[in-house]
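Listed here are the chains, written in short residue letters.
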Amino acid sequence: MNSFSSLDTFVFLIYFVIVAGYGIWIYRRRNGSGKESHDYFLAEGSLTWWAIGASLIASNISAEQFIGMSGSGFRIGMAIAVYELMAAATLIIVAVFFMPIYLKNRIYTMPQFLEQRYGPKVAMVMAVFWLALYIVVNLTAILYLGALAINSMVGIGVLPCMLFLAVFATIITLGGMKVIGYTDVIQVFCLVIGGLVTTWIALDLVARLSGNEGAMVGIRELFARAGGHFDMVLSRDNPNYMDLPGLSTLIGGMWIVNLSYWGCNQYITQRALGASLPVARKGLLFAAFLKLLMPLIVVLPGIAAYALDQGGMLGDSLRPGGELNPDRAYPTLLTLLPEGLKGVAFAALTAAVVASLAGKANSIATIFTLDIYRPKFRPDASERHMVWIGRMTVVVAMAIAVAIAPLMGIDKKGGFQYIQEYTGFVSPGIFAMFLLGFFWRRTNGAAAMFAAIASVGLSIVLKFLPDFVNLSFLAPIGFAVPNAAGVYEIPFLDRTLLVFLMIVIGMGIISLLGRQPDSTIVEVDRRMFKVEPGFAFGSAVVCAILVIVYAAWW
């Protein structure tokens, strides 16, 4: 395998200098003083639609996709791309129904919406939930998986790699959302170009298994050698059904996961909250089109690695301790790239990791500063002081994530599944309280508090219920499958759907029996959801592509 050459290092340094230099330039010329909180946290009115769309994707696509989802592509196949493909449809729904409500009511953080709708107690509980989730689950996984990839490529220890990524991301984050948004344009360009180059080379390597060359030949060879990896909907006898439970993936829990992530998540919505509605919608639609490219960039290389591994081309690279680790599939592919291109791919991977870390850290700083620190500790805090607190929060959050990441067992479960399952503990309750808060005026604060607590409680109960109750009676309808020990478990996506339905029923009962809210303090008007013809056409194109993909590879 090729080592990381001086040419690769030079290419990577060019990327580093361009991103850092552009970020400094944006910071120095940005509108405002740089001390206003809305300028720092939201870049209010400063981001264009293409910057919003690029920033959404750059922040979303990270080590969990490049490493974790590629590893899932190796193990499961193209079916794991449902997270990316359904996200495209979800972004359209969020643009049509969620964004008008946020922007009409001048919502800047998700806890702020909850406070206006349900009161300060619910907002505070969820602010703490989000901070814990972002630091303990998301930051740690992104840092660890990114460091694992760099370690596989250049041989530097995992901890130094984590420190490098954390410092790089912190520097970008300290410049505020405008710096993040516009540097993300460069990041997503590197991500897409570098990712497609890696996919092309991987397919060419697959073609060589049969003595041929060329990426197009490699695609045919890949279908021949790993045809089962292109099933988009898994059958019940598939060993990976627990991760993607067949048809219910498309019509059940995946919608809860996606709508919660893309519509009720500070980390994502923050990019559009400072824009006008037309600009925000165009940005989300642009992100939806970019999402359609992601299976080619992050899943297909994993399937190619599977074929190469079966063909003996990867040796023991995926078995460092004698046990197969699919999360090493993408980093191993990167080591096979020619000199120079390896630097491009390394820059793409670093761009994805750093952009996600910066976006997540900025959201942590926003929630802590605006929703916890200012209302609870310093109501009279100046704009300059809040920006300073936000920057200190970024540094502390990164330090905590670096310290605990090696202790979380991320490499044991599989990076992508690790994030999805533990995020799924809170997403049913979050989505339920937002959905009912939007469209049912009777929903009260007690019902929202029930959703916040019950989401975690019910998820834990259903996760460990198989240890005490035989759930084989659910097997005929696909809601339970046996694990390696023969114990019937509920797939976590189905568990997410069940928890959501129970929470909605519980919220309905509590709201009807309890005290009706005096005022929802959130304006919702049917006319807000009208869309422009151009947006409607673009949305129809995205939906048509999704229908074609699933019809072709059902």
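Residues numbered from 1 in each chain as written. Predicted model: local features only at pLDDT ≥ 70, side-chain atom pairs only at ≥ 80, totals over all residues. Heavy atoms only, no water.

As recorded in an unreviewed UniProt entry, the protein chain goes by the name Transporter, listed as coming from Massilia varians. Checking UniProt for the protein chain, the heading Subcellular location (unreviewed entry) contains the comment "Membrane". Regarding the protein chain, the UniProt comment filed under Sequence similarities (unreviewed entry) reads as follows: "Belongs to the sodium:solute symporter (SSF) (TC 2.A.21) family." (UniProt positions renumbered as here; feature names shortened; annotations may be inferred.)

Comments concerning the overall build of the protein chain
In terms of regular secondary structure, the protein chain is built from 24 helices and two strands. Computed over its C-alpha atoms, the radius of gyration of the protein chain comes to 23 Å, within 12% of the 24 Å expected for a compact globule of 554 residues. Projected onto its principal axes, the C-alpha positions of the protein chain cover 75 × 65 × 50 Å. The buried share of the protein chain, taken over its 554 residues, is 60%. In the protein chain, the share of contacts with a sequence separation of at least 24, taken over all contacts with a separation of at least 6, comes to 84%. Carbon and sulfur atoms form 66% of the exposed surface of the protein chain, whose accessible area is close to 21,000 Å². Considering the protein chain, the positive charge centre built from 37 side chains and the negative charge centre built from 31 side chains are found 9 Å apart. (Helix = DSSP H or I, 4+ residues; strand = E, 2+ residues; numbered from the N terminus. Rg over C-alpha atoms; globule rule 2.2 N^0.38 Å. Buried < 20%, exposed > 50% of the residue type's maximum accessible area, 1.4 Å probe, protein only. Contact = heavy atoms within 4.5 Å. Areas by Shrake-Rupley, 256 points an atom, 1.4 Å probe, with all protein chains shown as cover. Lys, Arg positive; Asp, Glu negative; His and termini not counted. Charge placed at Lys NZ, Arg CZ, Asp CG, Glu CD.)

Looking at the side chain of Thr 140
Secondary-structure assignment places Thr 140 in helix H7 (residues 120–154). The exposure class of Thr 140 is buried, given its relative accessible area of 0%. Here the side chain of Thr 140 touches Val 137 through a polar contact of 3.1 Å, landing on its backbone oxygen. (Polar contact = N/O pair within 3.5 Å; in protein donor to acceptor, adjacent residues only side chain to side chain.)

Side note on the packing of helix H21 (residues 427–439) against helix H22 (residues 445–464)
Taken N-terminus to C-terminus, the directions of H21 and H22 make an angle of 165°; their axes are 7 Å apart at the nearest point. Compared by their axis directions, H21 and H22 come out roughly antiparallel. Considering how the two elements wind past one another, H21 and H22 form a crossing that is right-handed. Judged by residue contacts, Ser 427, Pro 428, Gly 429 and Met 433 of H21 engage Ala 448, Ala 451, Ala 452 and Ser 455 from H22. For the contact of H21 with H22, a count of residues per class yields five nonpolar, three polar and no charged. (Axes fitted to C-alpha atoms, helices over the stretch in contact; angles between N-to-C directions. Parallel < 35°, antiparallel > 145°, perpendicular 65-115°, else oblique. Left-handed = near helix turned anticlockwise from the far one by under 90°. Nonpolar A, V, L, I, M, F, W, Y, C, P; charged D, E, K, R; others polar.)

Looking at the pattern of salt bridges
In the structure shown here, the tally under the stated rule is six salt bridges. A salt bridge links Asp 204 to Arg 208, with the nearest nitrogen and oxygen atoms 2.9 Å apart. With a gap of four residues between them, Asp 204 and Arg 208 both fall in helix H9 (residues 177–208), about one helical turn apart. Using a relative accessible area of 13% as the deciding quantity, one classes Asp 204 as buried. (Salt bridge = Lys/Arg side-chain N within 4 Å of Asp/Glu carboxyl O.)

Overview of the packing of helix H17 (residues 341–376) against helix H18 (residues 383–404)
As a packed pair, H17 and H18 sit with axes 8 Å apart at the nearest point and diverge in direction by 125°. Put simply, H17 runs oblique to H18. The handedness of the crossing between H17 and H18 is right-handed. Here Leu 357, Ala 361, Ile 364, Ala 365, Phe 368, Thr 369, Leu 370, Tyr 373 and Arg 374 of H17 lie close against H18, whose contacting residues are His 385, Met 386, Ile 389, Gly 390, Thr 393, Val 394, Ala 397 and Met 398. Looking at side-chain class alone, the contact of H17 with H18 contains 12 nonpolar, four polar and one charged residues.

Describing H21
Counted at 1.5 Å a residue, the expected span for H21 with its 13 residues is 18 Å, and the 18 Å between its end C-alpha atoms agrees. Across the 13 residues that make up H21, a large majority, 11, are buried. Taken residue by residue, H21 has Ser 427, Pro 428, Gly 429, Ile 430, Phe 431, Ala 432, Met 433, Phe 434, Leu 436, Gly 437 and Phe 438 as its buried positions. (Expected span 1.5 Å × (residues − 1).)

Comments concerning the environment of Ser 363
Mapped onto the elements, Ser 363 comes out in helix H17. It is 9.8 Å that separates the C-alpha atoms of Ser 363 and Arg 271, two residues lying 92 residues apart in sequence. If near-sequence neighbours (up to four positions away) are discounted, Ser 363 is found in contact with Tyr 134, Gln 266, Tyr 267 and Gln 270.

Some remarks on the state of the cysteines
Disulfide: a covalent bond formed between the sulfur atoms of two cysteine residues. With the rule as written, the count across this model stands at zero disulfides. Cys 264 takes part in no disulfide bond, and the closest cysteine sulfur to it belongs to Cys 543, at a distance of 19 Å. Overall, Cys 264 belongs to the buried group, its relative accessible area being 1%. (Disulfide = S-S within 2.5 Å.)

Some thoughts on the packing of aromatic side chains
According to the stated counting rule, one finds 21 aromatic pairs in the structure shown. Geometrically, the ring pair formed by Phe 98 and Phe 438 is edge-to-face, given 5.2 Å between the ring centres and 85° between the ring planes. Within this pair, whereas Phe 98 is found in helix H5 (residues 82–104), its partner Phe 438 is found in helix H21, the two being separated by 340 residues in sequence. Neither Phe 98 nor Phe 438 differs from the other in exposure class; each is buried. Connected via pairs of aromatic rings, a cluster forms that spans Phe 97, Phe 98, Tyr 102, Phe 113, Trp 130, Phe 434, Phe 438, Phe 439 and Phe 529. (Phe/Tyr/Trp six-rings, centres within 6.5 Å; stacked < 30°, edge-to-face > 60°.)

Details of the environment of Val 158
Mapped onto the secondary structure, Val 158 falls in helix H8 (residues 158–173). The exposure class of Val 158 is partly exposed, given its relative accessible area of 23%. Apart from residues lying up to four places away in sequence, Val 158 is in contact with Tyr 144, Ala 147 and Asn 151.

Here we look at the nonpolar core
One finds Phe 66, Leu 114, Leu 244, Met 433 and Phe 434 to be the most contacted residues of the largest nonpolar core, which totals 179 residues. Looking at this core element by element, the count peaks at 20 residues for H7. (Core = buried A, V, L, I, M, F, W, Y, C linked by side-chain atoms within 4.5 Å.)

Some details on helix H14 (residues 277–291)
Between its terminal C-alpha atoms H14 stretches 21 Å, which fits the 21 Å expected from 15 residues at 1.5 Å a residue. Within H14, the full set of buried residues consists of Ala 280, Arg 281, Gly 283, Leu 284, Leu 285, Ala 287, Ala 288, Leu 290 and Lys 291. Packed against the buried residues of H14 are helix H3 (49–60), H5, helix H12 (253–263), helix H15 (294–310) and helix H24 (533–552).

Here's the deal with the environment of Ile 404
Topologically, Ile 404 is positioned in helix H18. On the basis of relative accessibility, which here comes to 22%, the residue Ile 404 falls in the partly exposed class. As a C-alpha pair, Ile 404 and Tyr 144 span 260 residues in sequence and 9.8 Å in three-dimensional space. When residues no more than four places from it in sequence are discounted, the contact partners of Ile 404 are Val 136 and Thr 140.

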